[in-house]
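# Descriptive structure summary
One letter stands for each residue in the lines below.
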Amino acid sequence: MSKEIRVALLALVAFGLTYWGYNFIIGKNLFKESNYYLVEYENVGGLKISTPVRINGVQIGRVAKIENQMDKQNVLVRIDLNPEIQIPKQTNAYILNETFMGQQAVELKYEVPCSAGAACAESGDYILGDNLSVLASTVSQDELGVYLEEFKKTMVSILDTLNQQLLSQDSDGPLANSIRDMEATMSNLKNATGQLNGLMYQSKDDITGSLDNVEKITANLEDNNEKIGTILANTDAFTAQLSEVDIKQMIEELSASVSALNSTIEKADQTFAGVNQLVKGLEDGEGTLGMLLKDQELYNELTQLSAKTDSLMNDLQDRPYRYLPLKRRKQIQRYDAKDEKAGIGN
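Residues numbered from 1 in each chain as written. Predicted model: local features only at pLDDT ≥ 70, side-chain atom pairs only at ≥ 80, totals over all residues. Heavy atoms only, no water.

### A short note on the overall build of the chain
In terms of regular secondary structure, the chain is built from 10 helices and 7 strands. When burial is assessed residue by residue, the chain has 18% of its 346 residues classed as buried. Considering only contacts in the chain between residues 6 or more positions apart, those separated by 24 or more positions represent 54%. Carbon together with sulfur atoms contributes 58% to the accessible area of the chain, which is approximately 27100 Å² in total. (Helix = DSSP H or I, 4+ residues; strand = E, 2+ residues; numbered from the N terminus. Buried < 20%, exposed > 50% of the residue type's maximum accessible area, 1.4 Å probe, protein only. Contact = heavy atoms within 4.5 Å. Areas by Shrake-Rupley, 256 points an atom, 1.4 Å probe, with all protein chains shown as cover.)

Have a look at this one:
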């Protein structure tokens with residue numbers, strides 16, 4: 001045998017072993033004929049070829065083919081089972097998720113098993129198919145009811161505890177206090193809202209009048225839009241004229257005015273200084289007026305002199321004949337005696 005023939009035979013043997021090993025791994029025995037059944041699903045949920053087929057958790061076959069039937073809008077799945085396995089015609093093939101990570105399997109379920117005869121499905125027959133959720137796949141209906149009942153009791157207990165801790169009047173926890181404060185706040189808010197509604201109802205006429213006035217003002221503004229535009233244009237023109245004024249000259253005139261004001265302020269300071277010096281001299285008794293202010297005796301004498309002068313002027317006004325020239329002493333005495341008798345001059 002030539003070397004080339006031996007290499008070819010070795011390659012064929014290796015290919016055959018590889019093919020047999022792959023099918024053996026996926027659960028297909030090439031040396032043993034299997035029964036196959038067809039199942040139609042509306043949605044296979046990512047089911048793959050070689051997915052295990054089980055009864056009561058024991059693998060008895062695999063998914064051999066998945067075909068999308070466009071005309072029926074469903075998916076046709078072929079499952080291959082070990083030839084010694086017999087299933088009844090009322091078998092249901094459920095696609096279930098074994099784990100939350102998405103690992104799938106096909107579980108066959110039936111009520112009454114069969115061994116042979118007309119009650120058993122023949123190879124190539126159609127059987128019913130359906131999908132189970134993750135929860136239904138991992139928990140039976142009876143267990144699910146028990147779990148739900150326990151969950152219900154637990155939730156009732158938790159709610160009772162929360163109600164006691166949060167809503168009870170005897171609770172002194174921070175959450176309970178916060179809820180009570182929130183209730184008081186909502187009550188105050190409700191009262192404030194009621195008062196506000198009352199105030200709004202009482203003031204609706206005023207509000208309506210105000211809105212009418214605003215509407216009138218808006219209408220007047222719209223009617224006088226052209227005039228307002230003219231005023232704004234005149235303002236712009238005036239601003240432009242102001243910008244054309246010689247700013248430098250204005251600054252110079254302003255500086256001169258400030259200088260004159262400073263000079264005036266300096267003269268006023270000098271005048272006030274002289275007045276202060278004069279007042280100080282008066283307080284120190286300098287000059288006639290200062291002596292008059294400081295000398296009490298001189299002030300008294302001047303007061304007496306003023307009183308005597310007033311008396312003399314009054315007497316001169318009342319009896320001018322006493323002061324006529326060329327009057328003798330005896331004549332004056334006679335006039336005085338008459339006046340004294342008449343009560344004049346006393």
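### Quick word on the packing of aromatic side chains
A complete count under the given rule lists 0 aromatic pairs for this structure. Above the ring of Tyr36, the side-chain terminus of Arg78 is found at 4.1 Å from the ring centroid. (Phe/Tyr/Trp six-rings, centres within 6.5 Å; stacked < 30°, edge-to-face > 60°. Lys NZ or Arg CZ within 6 Å of the ring centre and 35° of its normal.)

### Section: the state of the cysteines
Going through the model one piece at a time under the given rule, you end up with 1 disulfide. Disulfide pairing places Cys114 opposite Cys120 at an S-S distance of 2.1 Å. Its torsion about the S-S bond being 135°, the disulfide of Cys114 and Cys120 is classed as right-handed. For the pair Cys114 and Cys120, one class covers both residues: buried. (Disulfide = S-S within 2.5 Å.)

### What about the pairing of strand β2 (residues 52-55)?
Covered by surrounding structure in β2 are Pro52 and Arg54 together with Val53 and Ile55, the residues of both alternating faces. Relative to strand β3 (residues 58-69), β2 runs antiparallel, the two being bridged by 4 bridges. Bridging across to β3, Arg54 finds its partner in Gln59. As consecutive antiparallel partners, β2 and β3 are separated by 2 residues, and within that stretch Asn56 has a phi angle of approximately 55°, a positive value. With 2 bridges connecting them, β2 and strand β6 (residues 104-109) associate as parallel partners. Across the sheet, residue Val53 finds its bridge partner in β6, namely Val106. (Pairing = 2+ DSSP bridges.)

### Things to note about the nonpolar core
Within the largest apolar cluster, 21 residues are counted, with the highest numbers of intra-cluster contacts made by Ile79, Ile87, Val106 and Leu108. When residues in this core are grouped by element, the largest group, 4 residues, is from strand β4 (residues 74-81). In contact with Leu108, not counting residues within four places along its chain, are Val53, Arg54, Ile55, Ile60, Ile79, Leu81, Ile87, Thr91, Asn92, Ala93 and Ile127. (Core = buried A, V, L, I, M, F, W, Y, C linked by side-chain atoms within 4.5 Å.)

### A short note on the sheet that holds β2
Pairing in this closed barrel of 7 strands is mixed, and the strands run β1-β4-β3-β2-β6-β5-β7 around the ring. Across the sheet, the mean angle separating the axes of adjacent strands is 35° when strand polarity is ignored. (Axes fitted to C-alpha atoms, helices over the stretch in contact; angles between N-to-C directions.)

### As for the pattern of salt bridges
Within the structure shown, the criterion is met by 2 salt bridges. Where Asp80 meets Arg78, a salt bridge forms, and the shortest distance between an N and an O atom there is 3.1 Å. On the accessibility criterion, Asp80 (8% relative accessible area) is buried. (Salt bridge = Lys/Arg side-chain N within 4 Å of Asp/Glu carboxyl O.)

### Examining the pairing of strand β1 (residues 35-41)
Where burial is concerned, most of β1 is hidden: 5 out of the 7 residues are buried. Summarising the sheet, β1 and strand β7 (residues 126-131) pair through 2 bridges and their orientation is parallel. Along β7, the bridge assignment pairs Leu38 with Tyr126.

### Some thoughts on the side chain of Gln104
Within the secondary structure layout, Gln104 lies in strand β6. At 2.7 Å, the side chain of Gln104 and the backbone oxygen of Gly45 are in polar contact. A distance of 3.2 Å separates the side chain of Gln104 from the backbone nitrogen of Leu47, its partner in a polar contact. For Gln104, the residues in contact, after removing those within four places along its chain, are Val44, Gly45, Gly46, Leu47, Thr51, Pro52, Ile95, Leu96, Asn97 and Glu98. (Polar contact = N/O pair within 3.5 Å; in protein donor to acceptor, adjacent residues only side chain to side chain.)

### Things to note about a nonpolar patch on the surface
Together, Phe151, Met155, Ile158, Leu159 and Leu162 give the surface a local cluster of nonpolar side chains, amounting to about 450 Å² of exposed area. Position of Ile158 relative to the elements: it lies in helix α3 (residues 141-166). (Patch = residues over 30% accessible without salt bridge, like charges linked within 9 Å, V, L, I, M, F, W, Y side chains within 5 Å.)

### Focus on unusual backbone geometry
Excluding glycine, most residues fall at negative phi; most peptide bonds, likewise, are trans. A positive phi angle is found at Ser50, which is not glycine, with a value near 80°. Along the chain, Ser50 turns up in the loop between β1 and β2. Within the chain, Asn56 stands out as a residue other than glycine whose phi angle is a positive 55°. Its location among the elements puts Asn56 in the loop between β2 and β3. Judged by its relative accessible area of 72%, Asn56 is exposed.

None of the figures reported here should be taken as evidence of function without further support.
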